[in-house]
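Letter by letter, the chains look like this.
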Amino acid sequence: MINRRQFLTLSASVLFAGPTRLLRASSQPRLLSCWSDTDNRHYVSLLDPRGGSAFDVQLPARGHGIAINQQQKLAAVFARRPGDFVCIIKLRDGKLIGIITATEGRHFYGHGVFTPDGQYLLCSENAFESGEGRIGLYDCRNGFQRVGALPSHGIGPHEVKLLADGKTLVVANGGIKTHPDLPRIKTNLNTMKPNLAYLETSSGRLLEKVEPPAKWHQLSIRHLDVAADNTVAVAMQYQGKPTERPPLIAIHRPGSKLTGSDFPGSSLKLLTAPDRIQRKMKNYCGSVTFSHDNSRFAVSSPRGNLVTYWRIDGTYMGSHQQKDACGISQHANGFFVSDGTGTISLVKTDLSASDAISLTNHRWDNHMVSLL
Amino acid sequence: MKTVLMILLLLATATTNAYDFKTLAENHILSGYQQLELTTNSLNASAQSYCDKQDEEKLDQLRNHYRSAFLDWQFMQPIRFGPIKYLNRENRFQMWPDKRGSVGKHLRRQLQDGEITDPGFDISSKSVAVQGFSALERLLFSDKPIDSIQCKLIVAITGNLESMSSDLLQDWKEGDSAYAAYFSTAAQGNDIFESDTELAGQILNSLYTQLETMVTQKLDRPLGPSINKARGKRAEGWRSQTALPALKANLEASRQLYQGMYANKLGKQLAAKINMAFQQSAQLVNSVNQPLKTAVTDEKLRPMIVELRSTLSVLKGLIGRELASELNLSLGFNSLDGD
């Protein structure tokens, strides 16, 4: 009963566009991203430089994050927060094999991750009556049935990733409470208290929790990425007045206090770009991604048409300008950066940028992943 | 002498081509918020006076004060960025559209809860749905008599509207971080706006979003797909019969924004098309002589509203696509998202 309600096969709404993509180089990884057209129809697409299996799948509503199941060659495409669906598609041909719908009293919150063995999908969720964050567990080998939930140890969990051990989940608890009665309205801006929580996936037990300093309690921790050495890079969004200038990026190593923290007492190492660049970020970061070799990470600030680049130790490296840029994914020698005007740029290690893909009527959404 | 004249002429041309944010801030935005502060102040005074001694005449006065304050708010609705976004003010002023009936639900809950009579009751910390015009309208325009608990809430809401309005005005014009100051220096770049193009794009976005709201929320929803499927009670402010006056205020404010910012920078053809669309829309709004709630099911009036919707759609396209491309401004996608 439950699995029928939760996992509907809706292959009828699949839309194949055919391999008509224009891409320059042929040695590039395939890219997966959600996008919207100018008539507000929403899709997820795989862009294949070799042209073999590019596909477009129409989504029930606007998409957001994407998780990859390497074992079963599947992608989970999450609805934009607060959402009520996760689409499961085959990476090979884009076949929509089903849609997980949100369980009663829960909303999906835009992101999730598969366990390395491909057995479970972990999704950030909101138990909206209590306002508490949850991590929903879905069994990939059993029709994506919901098999349980863990506490997220905070309010408003957004992006989640696993550490190198494959058993510790790091959660960006944004701290912002929403309720379906008041769609997308942030109901606790005065009292919000975001955190970065580490929890054991087998038990849900909290292993470690760090918060921004009290002064910056309106600094919502939304997005994160994890390097092979477990350095966590965090991209934040400030909910206070735009005339204030909080730091927006931080790094953290679970179980270790990094040196050089600007705010003693907080084990998050908060990073600030040079003044001129920091103000361009407009108190808003959209996504963060580590480089393929884990030596650097990139953070997008779509409101400032800007992407900044940082060494894994938190040293500022530089930036590049790209209109409405948000999605970032790995390339062997740099990053791909997508934007709301339809362009995907390749930004090399020396921060030189060139257009890789440019499509009309495509507005690439917040996040993009590379299948290397 | 000739060179001096040439330079003066060049300067004059340059001035007409530069965006005049300062005038827009002073003549449109600050004066609009000032007006809102005044009318919400009168609204609060009127609520207190009514609740001291309830009678029909004072209720009529209170309802009139409600309407003027609500329409002043509607006039400022196209300014959808800056201090109105601080602390959820936009939603606290008005919770609409309310597709899930949250205003009614939260209002009932708030009225049953005994805390309204507590001396320290602070409505600004309660659900956004009960803090502003939407909840107030339900309280003031119901058929049932208003009891003393409801009166306390009415006074609290009107007080909240007044204090939000004055905070809003203050954030725009006072102190080192006055928002209007960033308008004056946008061309040189400042902490909020990188350039005049950014601010011009921000205002355009705001204007476009307003037109879209008018089409898709304020008209589409009550109109429904056909006369039999029209839903008059989906009209904004149907209880106080303010849906069409609100549209009129939105339209006039949008026209002023367009006029103050972009009109003199466009080619003649596009400017003429936009003017025409504004004029036609205004004529259509004025010619509907019934509240929107009933007009959507009226054989004669419905076609006018349908036409109004399509004229506004055209206007939205002219502004969002043609104007944006002619002036090289962009509406943004990820930058508007907030996720």
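Model, not experiment: these values are computed from the prediction.

1. Notes on the sheet that holds strand S19 (residues 232-238) of chain A
Residues and elements named next belong to chain A.
Next, step 1: Read across the open sheet, the 4 strands follow the order S18-S19-S20-S21; overall the sheet is antiparallel. Edge positions in the sheet fall to strand S18 (219-226) and strand S21 (269-271), since each has one partner strand and no second. Across the sheet, the mean angle separating the axes of adjacent strands is 30 degrees when strand polarity is ignored.
Next, step 2: For S18 and S19, the ladder comprises 7 bridges, and the chain directions are antiparallel. Residue pairing for S19: isoleucine 221 is matched across the bridge by methionine 236.

2. Considering the packing of helix H3 (residues 56-76) of chain B against helix H10 (residues 243-261) of chain B
Residues and elements named next belong to chain B.
Next, step 1: Contact pair H3 / H10: the axes reach a minimum separation of 7 Å and the direction vectors enclose 35 degrees. In the crossing of H3 with H10, the sense of the turn from one axis to the other is right-handed. Along its contact with H3, which presents Leu71, Gln74, Phe75 and Met76, the element H10 presents Pro245, Ala246, Ala249, Asn250 and Ala253.
Next, step 2: Residue composition of the contact of H3 with H10, by class: 7 nonpolar, 2 polar and no charged.

3. Here we look at the domain arrangement of chain B
Residue and element names in this part refer to chain B.
Next, step 1: With domains assigned, chain B is organised as domain 1 (18-188) and domain 2 (196-336).
Next, step 2: On a C-alpha basis, the centroid separation for the pair domain 1 and domain 2 is 23 Å.
Next, step 3: At the interface, 26 residues of domain 1 touch 25 residues of domain 2.
Next, step 4: Only helix H2 (21-52), H3 and helix H6 (133-140) provide two or more residues apiece to the side of domain 1 that touches domain 2.

4. Quick notes on the packing of helix H9 (residues 196-223) of chain B against H10(B)
Residues and elements named next belong to chain B.
Next, step 1: Relative orientation of the contacting elements H9 and H10 amounts to 155 degrees, with a least axis distance of 11 Å. As the angle between them shows, H9 and H10 are arranged roughly antiparallel. Note on packing geometry: the crossing formed by H9 with H10 is left-handed. Of the residues in H10, those touching H9 at Ala200, Ile203, Leu207, Gln210, Leu211, Met214 and Lys218 are Leu247, Asn250, Ser254, Leu257, Tyr258 and Met261.
Next, step 2: Residues belonging to the contact of H9 with H10 are distributed by class as follows: 9 nonpolar, 3 polar and 1 charged.

5. Let's talk about the nonpolar core
Soluble, globular proteins show a tendency: their nonpolar side chains are buried together.
Next, step 1: Counting residues in hydrophobic clusters, the biggest one holds 93 residues, and the most contacted among them are Ala76(A), Val77(A), Val86(A), Leu121(A), Val234(A) and Ile249(A).
Next, step 2: Apart from residues no more than four positions distant in its own chain, Ile249(A) is found in contact with Val234(A), Ala235(A), Met236(A), Leu271(A), Cys285(A), Val299(A) and Trp310(A).
Next, step 3: Among the nonpolar cores identified, the runner-up in size contains 86 residues, and Leu182(A), Ile79(B), Val128(B) and Met214(B) belong to it.

6. Observations regarding the sheet that holds strand S27 (residues 334-339) of chain A
All names here are of chain A.
Next, step 1: Strand order in the open sheet formed by 4 strands is S26-S27-S28-S29, with antiparallel pairing between adjacent strands. Edge positions in the open sheet fall to strand S26 (325-331) and strand S29 (353-358), since each of these has one partner strand only. The mean angle between the axes of side-by-side strands here comes to 25 degrees, regardless of whether they run parallel or antiparallel.
Next, step 2: Looking at chain direction, S26 and S27 are connected through 5 bridges and run antiparallel. From the neighbouring strand, isoleucine 328 faces S27, where its bridge partner is valine 337.

7. Observations concerning the interface of chain A and chain B
Many descriptions give the size of an interface as the accessible area lost when the pieces come together.
Next, step 1: Taken residue by residue, the interface counts 26 residues in chain A and 20 residues in chain B.
Next, step 2: Residue composition of the side of chain A that touches chain B, grouped by class: 7 nonpolar, 7 polar and 12 charged.

8. Remarks on unusual backbone geometry
Next, step 1: Here Arg81(A) and Pro82(A) are connected by a cis peptide whose omega angle stands at -20 degrees.
Next, step 2: Position of Pro82(A) among the secondary structure elements: in the loop between strand S7 (74-79) and strand S8 (85-90).
Next, step 3: Look at the link from Trp96(B) to Pro97(B): it is a cis peptide, with omega at 0 degrees.
Next, step 4: Of note, His153(A) is a non-glycine position whose phi angle comes to about 65 degrees, a positive value.
Next, step 5: Note on placement: His153(A) falls in the loop between strand S13 (145-151) and strand S14 (157-162).
Next, step 6: Judged by the 22 C-beta atoms lying within 10 Å of it, His153(A) is buried.
Next, step 7: For Lys282(A), which is not a glycine, the phi torsion comes out positive at approximately 55 degrees.
Next, step 8: Tracing the sequence through the fold places Lys282(A) in the loop between helix H2 (275-280) and strand S22 (287-290).

Conventions used here
- Residues numbered from 1 in each chain as written.
- Chains lettered and ligands numbered in written order.
- Predicted model: local features only at pLDDT ≥ 70, side-chain atom pairs only at ≥ 80, totals over all residues.
- Pairing = 2+ DSSP bridges.
- Helix = DSSP H or I, 4+ residues; strand = E, 2+ residues; numbered from the N terminus.
- Axes fitted to C-alpha atoms, helices over the stretch in contact; angles between N-to-C directions.
- Left-handed = near helix turned anticlockwise from the far one by under 90°.
- Contact = placed C-beta atoms within 7 Å.
- Nonpolar A, V, L, I, M, F, W, Y, C, P; charged D, E, K, R; others polar.
- Domains from an automatic or database assignment.
- Parallel < 35°, antiparallel > 145°, perpendicular 65-115°, else oblique.
- Core = buried A, V, L, I, M, F, W, Y, C linked by C-beta atoms within 7 Å.
- Buried ≥ 20, exposed ≤ 12 C-beta atoms within 10 Å, placed from the backbone.

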